Amino acid sequence: EVNSPSNHPLGLFQLLEDYQAIASVAHVLFLAQDRPEGALWTRTETGWTRQVLSGLEASADFAAVGLSLPFDEVYEGVPFPEPPIPLPPLATDPA
């Protein structure tokens, strides 16, 4: 599932619950659209675990199906906005 600005966070939680309610679903991956970032939920014997993934060197591992999804391939050709330029520190008043 690819997140976009039009996705409301509460809607994503409902979508996650819907996926997790399907017994045959072992993994759920939500990906950001504007940066190489995602969250991977994996079904375990005791419930669900969440792994936050970030950066083009990250990879989502779907152990239940023997698949690894490298972010550098997922996001190949996707332009990312330039990070903001940090502002210099404010000068202090020499009182």
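What comes next is a walk through the structure. Throughout this description, residue numbers start from 1 for each chain and increase along the sequence as written. Selection of residues for local features in this predicted model requires a pLDDT of at least 70, selection of side-chain atom pairs for listing and counting requires 80 or more, and totals for whole chains, interfaces and linings are taken over all residues. The basis for every side-chain value is the complete set of heavy atoms in the structure, and neither hydrogens nor water enter the calculation.

A look at the sheet that holds strand 3 (residues 47-54)
- Ordered in space as 1-2-3, the 3 strands form an open sheet in which the pairing is antiparallel. Two strands lie at the open edges of the sheet, namely strand 1 (27-31) and strand 3, each paired on one side alone. Neighbour to neighbour, the strand axes of the sheet diverge by 15 degrees on average, direction disregarded.
- In this structure, strand 2 (residues 37-44) lies alongside strand 3, joined through 8 bridges in antiparallel fashion. If you follow Trp-41 over to strand 3, its bridge partner there is Arg-50. Only when DSSP finds a minimum of two bridges between them are two strands counted as paired. For the purposes of this entry, the term helix denotes a DSSP run of H or I that reaches at least four residues, the term strand denotes a run of E that reaches at least two, and both are numbered from the N terminus. Axes, fitted as lines to C-alpha atoms, cover a helix only where it is in contact. Angles between the N-to-C directions of the axes lie from 0 to 180 degrees.

Here's the deal with the nonpolar core
- Residues grouped as a nonpolar core are buried Ala, Val, Leu, Ile, Met, Phe, Trp, Tyr and Cys residues, joined through side-chain atoms within 4.5 Å. Summary of the burial criterion: residues with accessible area below 20% of their type's maximum are buried, those above 50% are exposed, and those between are partly exposed, where the area comes from a 1.4 Å probe applied to protein chains only. Counting 10 residues, the largest nonpolar core consists of Leu-29, Leu-31, Ala-32, Leu-40, Leu-53, Ala-58, Ala-60, Phe-62, Phe-71 and Tyr-75.
- At the level of secondary structure, the elements contributing two or more residues to this core comprise strand 1 and strand 4 (59-62).
- Counting residues in hydrophobic clusters, the runner-up holds 7 residues, among them Leu-12, Val-25, Val-28 and Trp-41.

Here we look at the packing of aromatic side chains
- Each aromatic pair joins two rings of Phe, Tyr and Trp (for Trp, the six-membered one) with centres within 6.5 Å, and gets the label stacked for planes under 30 degrees apart, edge-to-face for over 60, and tilted for any other angle. Applying the stated criterion across every chain, the model contains 3 aromatic pairs.
- Aromatic pair Phe-71 and Tyr-75: ring centres 5.7 Å apart, planes at 65 degrees, arrangement edge-to-face.
- A relative accessible area of 0% places Phe-71 in the buried class.
- Of the aromatic side chains, those joined through ring pairs into one cluster are Phe-71, Tyr-75 and Phe-80.

Focus on the side chain of Thr-42
- Of note, Thr-42 is situated in strand 2.
- Among the residues examined, Thr-42 registers a relative accessible area of 19% and is labelled buried.
- A polar contact is formed between the side chain of Thr-42 and the side chain of His-27, at a distance of 3.2 Å.
- Contacts are assigned to residue pairs that have any heavy atoms within 4.5 Å of one another. Each residue touching Thr-42, except ones within four places of it in the same chain, is listed here: Ala-26, His-27, Gly-47, Trp-48 and Thr-49. Counted as a polar contact is a pair of N or O atoms within 3.5 Å, where, for protein atoms, one must be capable of donating a hydrogen and the other of accepting one, and residues adjacent in sequence contribute only when both atoms are in side chains.

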